[in-house]
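Coordinate inspection notes
Given next are the chains, with one letter for each unit.
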Amino acid sequence: MSRTWALRKHKAAGAAVTAADRRRLTPELGAQNPLVILKRRFHSGELGSVPVALGLIVVWIIFESLNENFLSPRNLSNLSVDIVGTGMISVGVVFVLLLGEIDLSVGSVSGLAAAAFAVLNVSHGVPEGLALLIAVLGGTAIGAVQGFFLAKVGVPAFVVTLAGLLGWNGLMLYILGANGTINLDDKGLLAMLTGYYFHNVAAAYGLAALGTAGYFLASYHDARRRRTAGVPARSLNEILLRTGVLAAIAMASAFVLNQFLGLPLALLIFLVVLVGLDCVLRRTRYGRMIFALGGSVEASRRTGLNVDLVRISVFMMSGTMAAVGGLFLASRVTSASQTSGAGLLLMDVIAAAVIGGTSLFGGRGRTWSALLGVLVIQSIASGVALMGIQTAVQFMITGGVLLIAVVIDSLSRRAQRAHGRV
């Protein structure tokens with residue numbers, strides 16, 4: 001029985017509703033202690049992004065204590081650009097994980113997109129804009145093919161995408177040819193994606209202010225809508241607290257970025273994509289279908305949901321974001337080579353989504369999971385590089401963080417199951 005319904009029943013019985021009754025029965029309508037809220041969510045398995053945020057703070061404190069250059073404006077600005085390519089791919093992986101599936105081909109798709117752009121633009125003289133579009137649509141087509149085999153043929157996603165990992169990587173090597181590496185124009189459109197900065201300080205501060213105001217308005221509107229529907233909603237105090245924390249982080253980030261070169265175009269594009277896709281997931285019918293399908297395939301099918309179409313579309317999203325991420329990674333190094341999309345990229349993008357809070361079991365996660373997770377992973381990589389430590393240490397640290405994230409996810413689901421929410 002919901003607390004809101006209990007309060008209405010309390011009123012209907014003719015009893016006077018005291019302040020204590022109101023706090024007990026509908027805490028969402030009154031002021032709450034943030035510690036009480038956190039404690040309640042801890043016991044119910046709804047900590048959200050709190051663990052990864054605390055983990056990121058710990059990582060930053062440790063590396064800053066070991067090297068004072070870690071939190072320098074230069075390093076943090078470089079970090080804000082380094083996360084974009086991997087983060088874009090991880091956003092697509094979030095969509096797939098929400099279904100409880102996996103996509104092992106994203107690394108190869110990203111490399112193939114970079115190679116396709118390089119061959120079209122450099123080797124065949126295709127304009128950069130058209131080459132970019134073809135490369136991205138190629139990723140979309142690949143996702144559609146893999147989604148078709150999963151949804152229509154019934155081949156498990158692990159097998160389909162594992163075959164894709166090998167096949168698309170082979171195609172990338174084939175189109176690159178014997179040379180193996182194609183250098184891109186370091187002053188071209190693609191290079192500008194990660195090389196352009198808004199030097200005016202108003203750009204970073206304006207983005208911080210706009211983002212904070214947008215968050216407050218969206219949260220306040222959502223809370224009013226939920227109260228009108230008679231379901232639990234965040235109190236005004238909690239919304240103000242969250243907005244204040246976001247404002248502090250956003251303004252501090254803007255200040256740091258302005259101490260170096262200003263607001264990176266790559267970061268701006270990444271944040272716009274995150275906000276847009278977050279709205280798709282949380283505020284559209286399509287997003288609700290994805291969450292429903294991740295919760296229960298059979299229940300979704302019985303309600304008339306087109307399960308096959310949703311599955312195919314999600315893998316199309318994953319392929320598209322993999323191609324976009326691959327182009328950003330190529331922009332960062334201004335080249336496409338046989339190592340594009342290889343190495344630890346696949347593990348990093350999946351780990352970023354999971355570390356950021358997306359459940360491996362499906363049905364829970366947000367696009368912002370990719371941002372938080374990739375920040376943790378790239379922070380570890382940046383700190384290890386500054387310290388001159390062996391890469392092996394980075395692997396061990398990242399593996400430990402990933403294990404902790406999965407353990408938290410498992411314990412969270414167990415707590416939710418105990419409260420009847422799974």
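The rules we used
- Residues numbered from 1 in each chain as written.
- Predicted model: local features only at pLDDT ≥ 70, side-chain atom pairs only at ≥ 80, totals over all residues.
- Heavy atoms only, no water.
- 1 Å grid on protein atoms, 1.4 Å probe; cavity = no way out; pocket = protein on both sides within 12 Å on 5 of 7 lines; lining within 4 Å.
- Points joined across faces, edges and corners; volume = space filled by probe spheres on them.
- Helix = DSSP H or I, 4+ residues; strand = E, 2+ residues; numbered from the N terminus.
- Salt bridge = Lys/Arg side-chain N within 4 Å of Asp/Glu carboxyl O.
- Buried < 20%, exposed > 50% of the residue type's maximum accessible area, 1.4 Å probe, protein only.
- Polar contact = N/O pair within 3.5 Å; in protein donor to acceptor, adjacent residues only side chain to side chain.
- Contact = heavy atoms within 4.5 Å.

So, on to the layout of surface pockets. The computed volume of the second largest pocket comes to approximately 480 Å³. Thr86, Leu329, Val333, Gly341 and Leu345 are the residues nearest the centre of the second largest pocket, which is lined by 26 residues in total. At the level of elements, helix 5 (73-98), helix 6 (106-123), helix 15 (307-333), strand 4 (335-337) and helix 16 (345-355) are the ones that each hand at least two residues to the lining of the second largest pocket. No other element matches the six residues that helix 15 contributes to the lining of the second largest pocket.

Counted according to the given criterion, the structure contains nine salt bridges. Three or more residues joined by partner-sharing salt bridges are found here, namely Arg234, Glu238 and Arg242.

Looking now at the side chain of Ser331. Tracing the backbone through its elements, the reader meets Ser331 in helix 15. Note on Ser331: relative accessible area 2%, which makes it buried. A polar contact is formed between the side chain of Ser331 and the backbone oxygen of Ala191, at a distance of 3.5 Å. Each residue touching Ser331, except ones within four places of it in the same chain, is listed here: Leu190, Ala191, Leu193 and Thr194.

Remember that the coordinates give geometry; whether it matters functionally is a separate question.
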